[in-house]
Amino acid sequence: MASQERILKNYESAKEEFASWGVDTEKVLEKFDTIKMSMHCWQGDDVKGFEPVGDIGSQNVVTGNYPGAARNGEELRGDIDFALSMSPFQHKVNIHSCYGEFGRDRKDVTIDDFSKWIAWAKEKGYGLDFNGSFFAHKMMNNGFSYASLDKATRDYWIETAKGTREISYAIGKELGEVCYNNLWIPDGLKDTPANRFRYREVLTNALDEIFAKKYEGNHHVDTLEGKLFGIGVESFTVGSHEFYLGYAASHRGNGIGVCLDSGHYHPTEQVADKLSAVTPFVDHVLLHISRGVRWDSDHIVVQSDELTAIMNEMSRGNLYGKVAMGLDYFDASINRIAAWTIGMRAAAKTVLTSLLEPFAMIDKAELEGDFTTRLALMDEFKNLP
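What you are looking at is a predicted structure, and each value in this text was computed from that prediction instead of being measured.

**A look at empty space enclosed by the protein**
For step 1, the next point in the chain: Tallying each qualifying case throughout the model produces three cavities of 30 Å³ or more.
For step 2, the next point in the chain: For the largest cavity, the calculated volume is near 50 Å³.
For step 3, the next point in the chain: Around the largest cavity, the lining residues are Phe134, Ala161, Thr164, Arg165, Asn181, Asn182, Leu183, Ile210, Phe211, Asp222 and Thr223.
For step 4, the next point in the chain: Put simply, the parts of the chain that give the lining of the largest cavity at least two residues each are helix H5 (151-175), strand E4 (179-183) and strand E6 (220-225).
For step 5, the next point in the chain: Residue classes in the lining of the largest cavity are distributed as five nonpolar, four polar and two charged.

So this is what it looks like as structure tokens:
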């Protein structure tokens, strides 16, 4: 490992190099220190949570059997603390509703089930985000929840989602900041449906019920997370990106946004391109940073061209602080704390790279129609220290 003296020496050299391109690294570091990243709790125990689920299968495929998965809330929070001690971000922690600690049925959980999480977050200075756990439960009906054609199934999950919104709002009030409450469902079909409209009408009506109650935006924000496909739902996902985008845009003013998960699209689609297309038309955008390998395989985040493109777009569009960010992956094939740490540090380095980009020079070349210089500079800047 480099010594402190060597690090500072290298920094002074880099500072001079960036100054020659018109970038003030001290201001960049000040900006970086304001950026929050939400780290997902479920990497620490392979998306199990603290409910007795018996032989209920999960819609999340976690591979590997590396030892050391957290077995309870205290172990999980301790592991998170250790991982975050090696991350330079301002921190939030993203928790699923199945991580409540009083053992109630998921529909009946309340803010009390998360009192330990809130006390811990206050002590450590973390923010919290929230997700309803709409999977791996006896009330999943042939893989369906909110889009189920069975009313009893829908009613159960609608009440569950209403409860998660209450919890999210309470968390935000307790911590004095916005808690992002994200909704993702696995509903879909393995083969081609005869009537896509039917399922999406059912889901629309369910969402209308869930979001009927309004909350203060400075404590709680709802986001909808679409997906291209999953195992067992290869042909049709009810809650697709386009469906949720249309729903959020049509409910603008009600605090409903979308979650863009970088692993939830066709491999040739770029989330970087979606940011400027989506942010002007919905109230809120949440970015879930993942790494798909051929499909939504939720690999550990590393520095990559795709991640660099996303963060460059965030910086160029002045979206840091406006678009919320969090990690989302799970891998049980390596040390789980290392998985968190590698992902957080990769995201941090890529964010910093984006802030250091001499964007003004690239933008000037484009405005002047000099696309040759634009391309040359974009490639040259990849080699900056």
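**Describing the pattern of salt bridges**
For step 1, the next point in the chain: Tallying each qualifying case throughout the model produces 25 salt bridges.
For step 2, the next point in the chain: The closest approach of N and O atoms between lysine 48 and aspartate 46, which form a salt bridge, is 3.3 Å.
For step 3, the next point in the chain: The partner of glutamate 166 in a salt bridge is lysine 213, and the shortest N-O contact between them spans 2.6 Å. In this pair, glutamate 166 is assigned in helix H5 and lysine 213 in the loop between helix H6 (196-210) and E6, connecting sequence segments 47 residues apart.
For step 4, the next point in the chain: Judged by its relative accessible area of 44%, lysine 213 is partly exposed.
For step 5, the next point in the chain: Via salt bridges that share partners, Asp46, Lys48 and Arg336 belong to a single interconnected network.

**Comments concerning the nonpolar core**
For step 1, the next point in the chain: Residues Ile80, Trp117, Tyr146, Leu207 and Met325 are the most contacted members of the largest nonpolar core, which totals 101 residues.
For step 2, the next point in the chain: Of the residues forming this core, the biggest block, 10 residues, is contributed by helix H10 (residues 336-356).
For step 3, the next point in the chain: Apart from residues no more than four positions distant in its own chain, methionine 325 is found in contact with Ile35, Lys36, Met37, Ser38, Leu286, Leu287, Ile289, Met311, Met314, Tyr320 and Val351.
For step 4, the next point in the chain: Formed by five residues, the second largest nonpolar core is a distinct cluster that contains Val221, Cys259, Leu286 and Ala324.

**A word on the layout of surface pockets**
For step 1, the next point in the chain: Taken as a whole, the largest pocket encloses approximately 1500 Å³ of empty space.
For step 2, the next point in the chain: Lining the largest pocket are 38 residues, with Lys349, Leu352, Thr353, Leu356 and Pro385 positioned closest to its centre.
For step 3, the next point in the chain: Only helix H1 (4-20), helix H2 (25-32), helix H9 (305-316), H10 and helix H12 (371-380) provide two or more residues apiece to the lining of the largest pocket.
For step 4, the next point in the chain: Of the residues contributing to the lining of the largest pocket, the split by class is 21 nonpolar, eight polar and nine charged.
For step 5, the next point in the chain: If you add up the space inside the second largest pocket, you get close to 400 Å³.
For step 6, the next point in the chain: Forming the walls of the second largest pocket are 27 residues, and the residues nearest its centre are Asn60, Val61, Asp296, Asp298 and Phe330.
For step 7, the next point in the chain: Of the residues belonging to the lining of the second largest pocket, the class tally is nine nonpolar, 12 polar and six charged.

**Observations concerning the packing of H6 against helix H7 (residues 241-250)**
For step 1, the next point in the chain: It is the contact of H6 with H7, at a shortest axis distance of 12 Å, that shows an interaxial angle of 40 degrees. Accordingly, the angle class assigned to the pair H6 and H7 is oblique. Between H6 and H7 the crossing geometry is right-handed. Facing Arg200, Leu203, Thr204, Leu207 and Asp208 of H6, the residues of H7 in contact are Phe243, Tyr244 and Tyr247.

**Remarks on the packing of H9 against H10**
For step 1, the next point in the chain: Axis separation between H9 and H10 bottoms out at 8 Å; the angle between their running directions is 50 degrees. By the angle class used here, H9 and H10 are oblique. Both H9 and H10 take part in a crossing whose hand is right-handed. Note on element contacts: H10 touches H9 through Ala346, Ala347, Thr350, Val351, Ser354 and Leu355, opposite Leu307, Thr308, Met311, Asn312 and Ser315.

**Examining the side chain of glutamate 51**
For step 1, the next point in the chain: With respect to the secondary-structure elements, glutamate 51 resides in the loop between strand E1 (36-40) and helix H3 (73-84).
For step 2, the next point in the chain: Using a relative accessible area of 16% as the deciding quantity, one classes glutamate 51 as buried.
For step 3, the next point in the chain: A distance of 2.6 Å separates polar atoms of two side chains, one belonging to glutamate 51 and the other to arginine 106.
For step 4, the next point in the chain: Beyond its immediate stretch of four places on either side in the chain, glutamate 51 contacts Cys98, Arg104 and Arg106.

**Let's talk about H5**
For step 1, the next point in the chain: Look at H5: 36 Å from first C-alpha to last across 25 residues, which is about the 36 Å you get at 1.5 Å a residue.
For step 2, the next point in the chain: Just downstream of H5 lies glycine 176, where phi reads positive at about 70 degrees.

**With respect to the packing of aromatic side chains**
For step 1, the next point in the chain: Tallying each qualifying case throughout the model produces 17 aromatic pairs.
For step 2, the next point in the chain: The interplanar angle of 80 degrees and the centroid separation of 5.2 Å between the aromatic rings of phenylalanine 50 and tyrosine 99 together place this pair among those described as edge-to-face. Of this pair, phenylalanine 50 sits in the loop between E1 and H3 while tyrosine 99 sits in the loop between strand E2 (90-96) and helix H4 (115-124), and the two are 49 residues apart along the sequence.
For step 3, the next point in the chain: A relative accessible area of 0% means that tyrosine 99 is categorised as buried.
For step 4, the next point in the chain: Where phenylalanine 243 meets tyrosine 244, the ring centres are 5.5 Å apart and the plane angle is 65 degrees; that geometry is what we call edge-to-face. Pair check on accessibility: phenylalanine 243 and tyrosine 244 agree, each one buried.
For step 5, the next point in the chain: Of note, lysine 274 hangs over the ring of tyrosine 265, and the distance from its end group to the ring centre comes to 4.6 Å.
For step 6, the next point in the chain: The ring of phenylalanine 371 carries arginine 374 above its face, with NZ or CZ at 4.2 Å from the centroid.

How each quantity is defined
Residues numbered from 1 in each chain as written. Predicted model: local features only at pLDDT ≥ 70, side-chain atom pairs only at ≥ 80, totals over all residues. Heavy atoms only, no water. 1 Å grid on protein atoms, 1.4 Å probe; cavity = no way out; pocket = protein on both sides within 12 Å on 5 of 7 lines; lining within 4 Å. Points joined across faces, edges and corners; volume = space filled by probe spheres on them. Helix = DSSP H or I, 4+ residues; strand = E, 2+ residues; numbered from the N terminus. Nonpolar A, V, L, I, M, F, W, Y, C, P; charged D, E, K, R; others polar. Salt bridge = Lys/Arg side-chain N within 4 Å of Asp/Glu carboxyl O. Buried < 20%, exposed > 50% of the residue type's maximum accessible area, 1.4 Å probe, protein only. Core = buried A, V, L, I, M, F, W, Y, C linked by side-chain atoms within 4.5 Å. Contact = heavy atoms within 4.5 Å. Axes fitted to C-alpha atoms, helices over the stretch in contact; angles between N-to-C directions. Parallel < 35°, antiparallel > 145°, perpendicular 65-115°, else oblique. Left-handed = near helix turned anticlockwise from the far one by under 90°. Polar contact = N/O pair within 3.5 Å; in protein donor to acceptor, adjacent residues only side chain to side chain. Expected span 1.5 Å × (residues − 1). Phe/Tyr/Trp six-rings, centres within 6.5 Å; stacked < 30°, edge-to-face > 60°. Lys NZ or Arg CZ within 6 Å of the ring centre and 35° of its normal.

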